[in-house]
Amino acid sequence: MGTVINQFFINISIIFLLMSLTFYVMRTVLPIQPSSPLFVRFWFGVSNGLTAILLTLNAIELGDARIDLRLIPIALSATYAGPFGAVVTLALIFIGRMTLHGMSAPFVDSILMFVVFYIFSLLLSRVPMHRSRGYAVYVGFGALLVLIRVTGSVDTMVFVNVFIPYFLMLSLGAWLCYWGAKKLETHLWMFLLHTHRATVDELTGLPNRYRTLEQMNDLEMTGKPWTLLVIDVDHFKQLNDTYGHLAGDAALRHIGQTLERHCPPGGFVGRYGGEEFLLVIEGYEQAKEVAESLVETVRHTTFECQGEVIPMTVSIGAAVAGHEPSMVVFERADEALYDAKRNGRDQVRFA
């Protein structure tokens, strides 16, 4: 009994391990569902197919019989990725069985069962149903297929000693694995949500101050030349006082989108705080041309609010990075920005 329990938890651990890796690798496309892109459902099916093959290789020994829990990854694939995910998983199982055992009578029986399961998944996919209930139906239907297959072909003693423990382990394992999959998906989704909130400016959708400075540090570590532009919206307080904070927010979104659209390839733009933005350019040859173009673009890009066209301009302070820390480069660019403001705004000054 102890050996059987040990083998059972080894099988559950295999499912958990591959399921965790799968969800982590696919964390940017969560939630996985039958309407997910085809490549998402394909790779989810592949992962579960590999899991099923490993479960076959690590079958649980009950006396002279060997059972496995491959029905669990099949049900997970059908539940999350729909009939397409299920057929990918089943196809991999077929390939694995052919490679390991060749064309045998049990293999032919398994093919028939899998075809029936796939047809059932096509039918069930047309029925609106909560995911947990659908998963339970898939597991129950798979268990029913096994029961139909063994009824009349094994004696009562084998059924009691082998298949009743199998159905119990299948039920417990299926519940554990679905619970684990649900928790993994929820935690990864929340992690991505909090990461997004921690690194993206909510108002403009640009990288926030933390993320922008992090990207600057990453670029500094490459040792390649780069240029920093510190960009400030001119007369922003006056705009807020005249038109209100909603207009000010709209103006910041307008400026952020304009800068993002005209950011040169290989560069990046982020919001530093308030009405100040940072734009980083790889290299320095085109820095002056890019900065002057941005000033001109903002000046000639129409911003409308409350039915009125509001003129917008920016001042830019620029500094080419030498062999000093990124914050030193920022301080030089910031000083150049104030020089641009002192000399009339709507212009570029280099440190």
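Draft legend 1. The arrangement of the overall build of the protein in detail. Within the protein one finds 11 helices and 9 strands. Each principal axis of the C-alpha atoms in the protein carries an extent, and together these give about 95 × 50 × 35 Å. In the protein, buried positions account for 47% of the 351 residues. Intrachain contacts of the protein at a sequence separation of at least 6 include 69% that bridge at least 24 residues. Split by element, the accessible area of the protein, about 18300 Å² in all, is 61% carbon and sulfur. Across the protein, 26 positive and 31 negative side-chain charges occur, with their mean positions spaced 9 Å apart.

Draft legend 2. Broad picture of the pattern of salt bridges. All told, the structure shown has 12 salt bridges when counted by the stated rule. Here Asp68 and Arg70 are joined by a salt bridge, their closest N and O atoms 2.9 Å apart. Asp339 serves as the salt-bridge partner of Arg349, at 3.1 Å between the closest nitrogen and oxygen. With Arg349 in strand β9 (residues 348–350) and Asp339 in helix α11 (residues 326–342), this pair connects stretches of sequence that are 10 residues apart. Here Arg349 falls in the partly exposed class, since its relative accessible area comes to 28%.

Draft legend 3. Representation of the sheet that holds strand β3 (residues 226–233) within the structure. What the 5 strands build is an open sheet, ordered β4-β5-β3-β8-β9; its pairing is mixed. Taken across any chain shown, the strands that pair with only one partner, and hence form the sheet edges, are β4 (268–273) and β9. Strand-to-strand twist in this sheet, taken as the mean axis angle between neighbours without regard to direction, amounts to 20 degrees. Across 5 bridges, β4 lies against strand β5 (residues 276–282) in antiparallel orientation. Along β5, the bridge assignment pairs Gly270 with Leu278.

Draft legend 4. Fine view of the environment of Ser125. Here Ser125 is to be found in the loop between α4 (105–124) and α5 (131–150). Residues Ser125 and Ala321 lie 196 residues apart in sequence; the distance between their C-alpha atoms is 58 Å. At a separation of 2.7 Å, a polar atom in the side chain of Ser125 contacts the main-chain carbonyl oxygen of Leu122.

Draft legend 5. The arrangement of α5 in detail. Between its first and last C-alpha, α5 extends 29 Å over 20 residues, near the 28 Å set by a 1.5 Å rise per residue. Inspection of α5 places Gly134, Tyr135, Tyr138, Val139, Phe141, Gly142, Ala143, Leu145, Val146 and Val150 among the buried residues, and these make up the whole buried set.

Draft legend 6. Looking closely at the packing of aromatic side chains. Tallied over the full model, the rule gives 13 aromatic pairs. Geometrically, the ring pair formed by Tyr272 and Phe330 is tilted, given 4.8 Å between the ring centres and 35 degrees between the ring planes. Taken together, the residues span a long stretch of sequence, with Tyr272 in strand β4 and Phe330 in helix α11 at a distance of 58 residues. Just as Tyr272 is buried, Phe330 falls in that class too. An aromatic cluster is built from Phe117, Phe120, Tyr138 and Phe141, whose rings are joined through pairwise contacts. When the ring centre of Tyr24 is taken as origin, the NZ or CZ atom of Arg27, which lies over that ring, is 4.1 Å away.

Draft legend 7. How the structure looks around the layout of surface pockets. Computed from the structure, the second largest pocket encloses a volume of approximately 290 Å³. Those elements that place two or more of their residues in the lining of the second largest pocket are α3 (71–101) and α5. Here the residues of the lining of the second largest pocket sort into 10 nonpolar, 6 polar and 1 charged.

Draft legend 8. The arrangement of the packing of helix α8 (residues 236–243) against helix α9 (residues 245–261) in detail. Two numbers describe how α8 lies on α9: the axes approach to 7 Å, and their chain directions differ by 135 degrees. With respect to α9, the element α8 is oriented oblique. Counted together, Phe236, Leu239, Asn240 and Tyr243 of α8 and His245, Ala247, Gly248, Ala251 and Leu252 of α9 form the full contact between these two elements. A breakdown of the residues in the contact of α8 with α9 according to their chemical character gives 6 nonpolar, 3 polar and no charged.

Draft legend 9. View of the pairing of strand β8 (residues 314–320). Counting buried residues in β8 gives 6 out of 7 residues, a clear majority hidden from the surface. Across 7 bridges, the pairing between β3 and β8 is antiparallel. Residue pairing in the sheet places Asp232 in a bridge with Ser315 of β8. By the bridge criterion, 3 bridges tie β8 to β9 in an arrangement that is parallel. In the strand pairing of β9, Ile316 is matched with Val348. Of the crossover connections in this fold, the one passing from β8 over α11 to the parallel β9 is left-handed.

What counts as what
- Chains are numbered independently. Their residues run from 1 in the order of the written sequence.
- Where local features are concerned, this predicted model is filtered to residues with pLDDT of at least 70; where side-chain atom pairs are given and counted, the filter is 80 or more; whole-chain, interface and lining totals use all residues.
- The side-chain figures draw on all heavy atoms in the structure; neither hydrogens nor water molecules are used.
- Starting at the N terminus, helices and strands are each numbered in turn, a helix being any DSSP run of H or I of at least four residues and a strand any DSSP run of E of at least two.
- Burial classes: relative accessible area under 20% of the type maximum marks a residue as buried, over 50% as exposed, and values in between as partly exposed (1.4 Å probe, protein chains only).
- Two residues qualify as a contact provided that any one of their heavy atoms is within 4.5 Å of a heavy atom in the partner residue.
- All accessible-area figures derive from a Shrake-Rupley calculation using a 1.4 Å probe, and residue coverage is judged against the displayed protein chains alone.
- Charged residues are defined narrowly, with Lys and Arg counted positive, Asp and Glu counted negative, and His plus the chain ends left uncounted.
- Every charge is mapped onto a representative atom, which is NZ of Lys, CZ of Arg, CG of Asp or CD of Glu.
- For this document, the term salt bridge refers to a Lys or Arg side-chain nitrogen within 4 Å of an Asp or Glu carboxyl oxygen.
- Note on pairing: DSSP must find at least two bridges between two strands before they are called paired.
- Fitted lines through C-alpha atoms give the axes, limited to the stretch in contact for helices. The angle between two N-to-C directions lies from 0 to 180 degrees.
- Two N or O atoms form a polar contact when they lie within 3.5 Å of each other; inside protein one atom must be a possible hydrogen donor and the other a possible acceptor, and for residues adjacent in sequence the pair counts only when both atoms belong to side chains.
- Multiplying 1.5 Å by the residue count of a helix minus one yields the expected span of that helix.
- Any two rings among Phe, Tyr and Trp, with Trp reduced to its six-membered ring, count as a pair given centres within 6.5 Å; such a pair is stacked if its planes are under 30 degrees apart, edge-to-face if over 60, and tilted if neither.
- Here, over-ring charges are defined by two tests on the NZ atom of lysine or the CZ atom of arginine: distance to the ring centre within 6 Å, and angle to the ring normal within 35 degrees.
- Method remark: on a 1 Å grid restricted to protein atoms, a set of points is classed as a cavity if a 1.4 Å probe fits but cannot get out and as a pocket if it is open with protein on both sides within 12 Å along at least five of seven lines; lining residues have an atom within 4 Å of a point.
- Grid points are joined across faces, edges and corners, and a volume is the space filled by probe spheres set on the points.
- Throughout this entry, Asp, Glu, Lys and Arg are counted as charged residues, while Ala, Val, Leu, Ile, Met, Phe, Trp, Tyr, Cys and Pro are counted as nonpolar. The remaining residues, Gly among them, count as polar.
- With respect to orientation, any angle under 35 degrees is reported as roughly parallel, any angle over 145 as roughly antiparallel, any angle of 65 to 115 as roughly perpendicular, and every other angle as oblique.
- Looking down the strands as they point away from you, a crossover is right-handed if its path from the first strand over the helix to the second goes clockwise.

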